[in-house]
Amino acid sequence: MTLPFDRGSAPAPLPDVSFASDNYAGAHPEVLEAMVAANRGHAVSYGADPWTAQLQDVVRGHFGEQSVAYPVFNGTGANVVSLASMLPRWGAVVTPSTAHIVTDENAAPERVAGIKLLTVPTPDGRLTPELLDREAWGWGDPHRAQPLVVSVSQATELGTVYGVEELRALADHAHGLGMRVHLDGARLANAAAHLGVGLGELTTAVGVDVVSLGGTKNGIVLGEAVVVLDPSAVDGIEYVRKLTMQLGSKLRFVSAQLVALYGSELWLRSAEHANAMAARLRSALAAGLAEAADEGRLVLTRPTDSNAVFAALPRDAAERLRERWRFYDWDDRRDDGLVEVRWMCAWDTTPEAVDTFAAEVLAAVGE
């Protein structure tokens, strides 16, 4: 029996090292130290505390003086709060069919916020102005949900990264159509590390209006933040955060973690390391790939722009590997009979674990 969140089977015991998700990683020691430091005495609840005030300064440093942060509990909550505050009841979101808000949030934007999602298939998880036009139409037609927001993930769910000019072109096109731009930044740090740019260069500077700023995939315990870059893009977000149950009473502990992550270069160091481990894994597999590739038993299926490696291999090989390692299936409907899997690296992935895993992957597909 598979777990309800599983894309494929996984072993019962939890190994010390996993390539299943960057969510599996523990919290960075600097984040834990920040939480302990925040755990002194009483502080005003619901965000009227010094740590949340400091978070505003941190966010303005990255995203500009106009930006405002609204800490929330998790990524799904950040996306729901963002989109619900950006749209009227008749509004719709155009987004790639692989987007997290479509595939992994149990229809929360639709059920909780009452938002219609208009999905567009993409070859690599990235939306383009031309692909946006497939669903960006019908304004003024009362029979169609009105496409008023475009939502993209950076990095995407397929591990790919939008270039700065690609994001700018998409945002310019969306704004030209009268649409707003939301960015799911669960792995924004990984994208920025890959491109060698700052967080603001990938968001504010290219025309993004609202960001769901990630933390849990990059070393914090829990918590994300909605960062509003253009105040005119949202309406009633303070009320939306509360009514969607995303306003914590002891918000200082969420804010303290985000300050520890983004108030220094910890976000960048952690993301760079995760990306480097994914690149190391891909290189190790590629180095031993020639013989396996000739037999069609191992295929690297997607670019490794961030901290994810996608590969296709026989089901029996994947199951042998799962006797020691956790990872998830991505696509088991390939024409070649192989199953596509996703291997994720995190801030605490070690080179030794990568090298061992790569060797065992090559051995499994060679059997």
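To keep things clear, this report deals only with the structure shown in the data block. (Residues numbered from 1 in each chain as written. Predicted model: local features only at pLDDT ≥ 70, side-chain atom pairs only at ≥ 80, totals over all residues. Heavy atoms only, no water.)

## Remarks on the nonpolar core
Condition: Take the buried residues of types Ala, Val, Leu, Ile, Met, Phe, Trp, Tyr and Cys, join any two whose side-chain atoms come within 4.5 Å, and each joined set is a nonpolar core. Throughout this description, buried means an accessible area under 20% of the type-specific maximum (1.4 Å probe, protein chains only), exposed means over 50%, and partly exposed covers the range between. Any pair of residues with heavy atoms lying within 4.5 Å of one another is described as a contacting pair.
Counting 53 residues, the largest nonpolar core has Leu127, Leu132 and Val227 as the members making the most contacts within it. If we skip the residues at most four places from it in the chain, Leu132 touches Val94, Leu127, Val150, Leu170, His173, Ala174, Leu177 and Met179. Membership of the second largest hydrophobic core comes to 27 residues, among which are Leu289, Leu300, Val309 and Leu321.

## Examining the environment of Glu110
The criterion, for reference: Secondary structure elements follow DSSP: runs of H or I no shorter than four residues count as helices, runs of E no shorter than two count as strands, and numbering proceeds from the N terminus.
Here Glu110 shows up in helix α5 (residues 108-111). You can call Glu110 partly exposed: its relative accessible area is 33%. The spacing of Glu110 and Val161 is 51 residues in sequence and 26 Å in space, taken between C-alpha atoms. Once you skip the residues sitting within four places of it in the chain, Glu110 turns out to touch Ile115 and Leu117.

## Examining the sheet that holds strand β10 (residues 328-331)
Keep this limit in mind: DSSP-based pairing: two strands are paired if at least 2 bridges between them are found.
Strand order in the open sheet formed by four strands is β8-β9-β11-β10, and the pairing between neighbours is antiparallel. At either end of the open sheet lies a strand with only one pairing partner, and these are β8 (299-300) and β10.

## Topic: unusual backbone geometry
Gln154 connects to Ala155 through a cis peptide bond whose omega is -5 degrees. With respect to the helices and strands, Ala155 occurs in the loop between β4 (146-153) and α7 (164-176). Even without glycine at this site, Tyr46 takes up a positive phi of about 55 degrees. Tracing the backbone shows Tyr46 in the loop between α1 (29-38) and α2 (50-63). Tyr46 gets classed as partly exposed once you look at its relative accessible area, which sits at 44%. Unusually for a residue other than glycine, Ala107 sits at a positive phi of about 60 degrees.

## As for the pairing of β4
Note the cut-off: Note on handedness: a crossover is taken as right-handed if, strands pointing away from the viewer, the path from the first strand over the helix to the second is clockwise.
Of all eight residues in β4, seven are buried, a share of seventy percent or more. Direction of pairing for β4 relative to strand β5 (residues 180-185): parallel, over a ladder of five bridges. Bridging from a neighbouring strand, Val149 pairs with Arg180 of β5. For the handedness criterion, the β-α-β arrangement of β4, α7 and β5 is classed as right-handed.

## Overview of the sheet that holds β5
Worth spelling out the cut-off: To define axes, lines are fitted to C-alpha atoms, for helices over the stretch in contact only, and angles between the resulting N-to-C directions are given on a 0 to 180 degree scale.
Here we have seven strands laid out as an open sheet, ordered β1-β7-β6-β5-β4-β2-β3, and mixed in their pairing. The open sheet is flanked by β1 (68-72) and β3 (116-120), the only strands paired with a single partner. Averaged over all adjacent pairs, the angle separating strand axes in this sheet is 25 degrees, with direction ignored. In the sheet, strand β6 (residues 210-213) pairs with strand β7 (residues 224-228) via four bridges, with the strands oriented antiparallel. Opposite Leu213, over in β7, you have Ala225 as the bridge partner. Sitting on the sheet, α7 touches β4 and β5, and the angle it makes with β5 is about 145 degrees.

## Points about the packing of aromatic side chains
The condition is simple: Aromatic pairing here means that ring centres of Phe, Tyr or Trp (its six-membered ring) are within 6.5 Å. Orientation follows from the plane angle: under 30 degrees is stacked, over 60 is edge-to-face, and everything else is tilted. The rule for a charge over a ring is simple: NZ of Lys or CZ of Arg within 6 Å of the ring centre, and within 35 degrees of the ring normal.
As enumerated under the stated definition, the model contains nine aromatic pairs in all. Geometrically, the ring pair formed by Phe310 and Trp330 is edge-to-face, given 5.2 Å between the ring centres and 85 degrees between the ring planes. On the criterion of sequence distance, the pair formed by Phe310 in strand β9 (residues 308-313) and Trp330 in strand β10 is long-range, its members being 20 residues apart. Here Phe310 matches Trp330 in class, with each residue buried. Counting every residue linked through ring pairs, the aromatic cluster contains Phe19, Trp325, Phe327, Trp343 and Phe357. Just above the ring of Trp137 sits the side chain of Arg144; from NZ or CZ to the centre is 3.6 Å.

## A few points about a nonpolar patch on the surface
Threshold: Nonpolar side chains (Val, Leu, Ile, Met, Phe, Trp, Tyr) within 5 Å and like charges within 9 Å form the patches, drawn only from residues with over 30% relative accessible area and no salt bridge. For accessible areas, the Shrake-Rupley method is used with a probe of radius 1.4 Å. Any residue's cover is judged against the shown protein chains and nothing else. Criterion for a salt bridge: a side-chain nitrogen of Lys or Arg within 4 Å of a carboxyl oxygen of Asp or Glu.
Side chains of Leu32, Phe73, Val221 and Leu222 sit close together on the surface and give an oily, nonpolar patch of about 310 Å² of accessible area. Structurally, Phe73 can be placed in the loop between β1 and α3 (75-86). Judged by its relative accessible area of 33%, Phe73 is partly exposed.

## A short note on the packing of α1 against helix α10 (residues 252-262)
The criterion, for reference: If an angle is under 35 degrees, it is roughly parallel; if it is over 145, roughly antiparallel; if it lies from 65 to 115, roughly perpendicular; otherwise it is oblique. Take the far helix as the reference: if the near one is turned anticlockwise from it by less than a right angle, the crossing is left-handed, and if turned clockwise, right-handed. Each residue is assigned to one of three groups, with Ala, Val, Leu, Ile, Met, Phe, Trp, Tyr, Cys and Pro labelled nonpolar, Asp, Glu, Lys and Arg labelled charged, and all others, Gly among them, labelled polar.
Packing of α1 against α10 leaves a shortest axis separation of 8 Å and a crossing angle of 140 degrees. When the axes of α1 and α10 are compared, the pair comes out oblique. The element α1 and its partner α10 pack so that their crossing is right-handed. Between α1 and α10, the residues in contact are Glu30, Val31, Ala34, Met35 and Ala38 and Arg252, Phe253, Ala256, Gln257 and Ala260, respectively. Its residues placed into classes, the contact of α1 with α10 shows seven nonpolar, one polar and two charged.

## Looking at α7
Where we set the bar: Multiplying 1.5 Å by the helix residue count minus one yields the expected span of that helix. Think of it as the arc spanned by the lines of direction from the helix axis to the C-beta atoms.
Between its terminal C-alpha atoms α7 stretches 18 Å, which fits the 18 Å expected from 13 residues at 1.5 Å a residue. Those residues of α7 lying buried are Leu167, Leu170, Ala171 and Ala174. The arc that holds every buried residue of α7, seen down its axis, measures 95 degrees, which confines them to one face. The outward face of α7, more than 90 degrees from its buried face, is lined by the exposed residues Glu165 and Gly176. Buried residues in α7 make contact with α6 (129-132), β4 and β5.

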